[in-house]
Amino acid sequence: MTGLRIAASLVLMLVYFAAPGYAHEDIRAHAACKYCNMDRKVFGHSRMLLEYSDGTSAGTCSLHCSAIELTANMSKVPCKIKVGDYNSKNLIDATSAYWVVGGDKPGVMTERAKWAFEKKTEADEFIKKHGGKGVTFYESLRAAYDDLYADIKTTIERVEMRKSKGWSICDEPAR
C-alpha cells in the first residue's frame with residue numbers, strides 16, 4: 001500500500017507542477033513583450049497573444065503593446081487574439097471577453113487601464129470595487145489607440161525632465 005501512496009503522490013505532484021506550465025505555454029514561447037521587454041509572466045493578467053494566418057505569433061504584455069503590434073503588422077491577418085483574464089491569468093478570446101476601461105488600478109504601459117475578464121460577473125465586481133466602464137473588445141482597442149498619444153507624450157516629457165536635471169539618458173552609447 002505504501003508504494004501505491006508514493007506513486008499517487010508523485011502523480012499528484014507532477015500534475016500540480018506541470019499544469020501551470022502547460023496552461024501558460026505562450027509565456028514559454030514569448031517570455032518578454034516584443035515592444036517593451038516586460039516579463040509576460042509577471043503581467044499574466046494583462047498579457048496578450050496574437051496569432052496570424054501565416055503561422056506567426058506575437059506576445060505582448062498588454063493591450064497597449066498589442067495595439068502597436070497590430071499597427072506595425074497591418075498586412076498580416078490576425079486569426080486569434082487572446083488576452084490574460086485579469087483574475088485567473090488564463091488566456092481567453094479577447095474579442096468575446098468582458099473589458100473594463102479605467103478605474104483606480106494603474107494600467108500596464110498606459111495611464112488608463114484596460115482589463116479583460118472571462119465572466120461578466122467578474123467584470124461587474126471589478127467595476128463596483130475599482131471603477132471603470134464595461135466595454136467591448138473593439139471599444140477597449142479604440143481606447144488603447146486614443147491613449148497612445150497621451151502615453152507617448154508622457155514618456156517624451158519624462159525624458160525631457162530627466163535631461164533638464166542633467167541625467168544623460170539619450171547621450172549614452174547603445175549597448
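Here we summarise the structure given alongside this text. (Residues numbered from 1 in each chain as written. Predicted model: local features only at pLDDT ≥ 70, side-chain atom pairs only at ≥ 80, totals over all residues. Heavy atoms only, no water.)

The helix and strand tally for the protein stands at five helices and seven strands. The secondary structure elements of the protein, listed N-terminal to C-terminal, are α-α-β-β-α-β-β-β-β-α-β-α. Looking at the protein residue by residue over its 175 residues, the buried ones come to 35%. Long-range contacts, defined as pairs at least 24 residues apart, comprise 57% of the intrachain contacts of the protein with a sequence gap of at least 6. When the accessible surface of the protein is summed, it comes to about 11100 Å², and 58% of that surface belongs to carbon and sulfur atoms. (Helix = DSSP H or I, 4+ residues; strand = E, 2+ residues; numbered from the N terminus. Buried < 20%, exposed > 50% of the residue type's maximum accessible area, 1.4 Å probe, protein only. Contact = heavy atoms within 4.5 Å. Areas by Shrake-Rupley, 256 points an atom, 1.4 Å probe, with all protein chains shown as cover.)

Pairing between sheet strands relies on hydrogen bonds along the backbone, with the strands arranged either parallel or antiparallel. If you walk across this open sheet you meet the three strands as β6-β5-β7, and the pairing is antiparallel. In this open sheet, the two edge strands, each paired with only one partner strand, are β6 (114-117) and β7 (133-135). Recorded for the sheet is a direction-independent mean angle of 30° between the axes of neighbouring strands. When strand β5 (residues 98-101) meets β7, the two strands line up antiparallel, connected through three bridges. Bridge pairing links Trp-99 to Val-135 in β7. Along the sheet, helix α4 (residues 120-130) contacts β5, β6 and β7; its crossing angle with β5, the most-contacted strand, is approximately 15°. (Pairing = 2+ DSSP bridges. Axes fitted to C-alpha atoms, helices over the stretch in contact; angles between N-to-C directions.)

Below, the discussion takes up the nonpolar core. By size, the foremost hydrophobic cluster in this structure holds 20 residues, and its most contacted members are Met-48, Leu-63, Val-83, Ala-94, Trp-99 and Phe-137. If you list the elements that add at least two residues to this core, you get β1 (48-52), α3 (63-72), β3 (78-84), β5 and α5 (137-164). Considering each element in turn, this core owes the most residues, five residues, to α5. Residues within four places of Phe-137 in sequence aside, it is in contact with Met-48, Leu-63, Ile-81, Ala-94, Thr-95 and Trp-99. (Core = buried A, V, L, I, M, F, W, Y, C linked by side-chain atoms within 4.5 Å.)

Here the focus is the side chain of Ser-140. By the secondary structure assignment, Ser-140 is in helix α5. Judged by its relative accessible area of 0%, Ser-140 falls in the buried class. Sequence-distant contacts of Ser-140, that is, excluding residues within four places in its chain, are made with Leu-63, Trp-99, Val-101, Lys-114 and Val-135.

A word on the packing of aromatic side chains. The tally for this structure, following the rule as stated, stands at six aromatic pairs. Residues Tyr-86 and Phe-117 carry aromatic rings whose centres are separated by 5.4 Å and whose planes lie at 45° to one another, so their mutual orientation is tilted. Residue Tyr-86 is located in the loop between β3 and β4 (91-93), and its partner Phe-117 is located in strand β6; the two are separated by 31 residues in the primary sequence. Accessibility expressed as a relative area gives 16% for Tyr-86, which makes it buried. Between the aromatic rings of Phe-117 and Phe-126, the centroid separation amounts to 5.4 Å while the plane-to-plane angle is 50°, which identifies the pairing as tilted. Members of the aromatic cluster, connected to one another through ring pairs, are Tyr-86, Trp-115, Phe-117 and Phe-126. (Phe/Tyr/Trp six-rings, centres within 6.5 Å; stacked < 30°, edge-to-face > 60°.)

Let us now look at α3. Burial within α3 is extensive, with seven of its ten residues counted as buried. What α3 keeps buried is the set Leu-63, His-64, Cys-65, Ser-66, Ala-67, Glu-69 and Leu-70. Buried residues along α3 sit against β1, β2 (57-60), β3, β5, β6 and α5.

Functional significance is not addressed by these values, which are geometric in nature.
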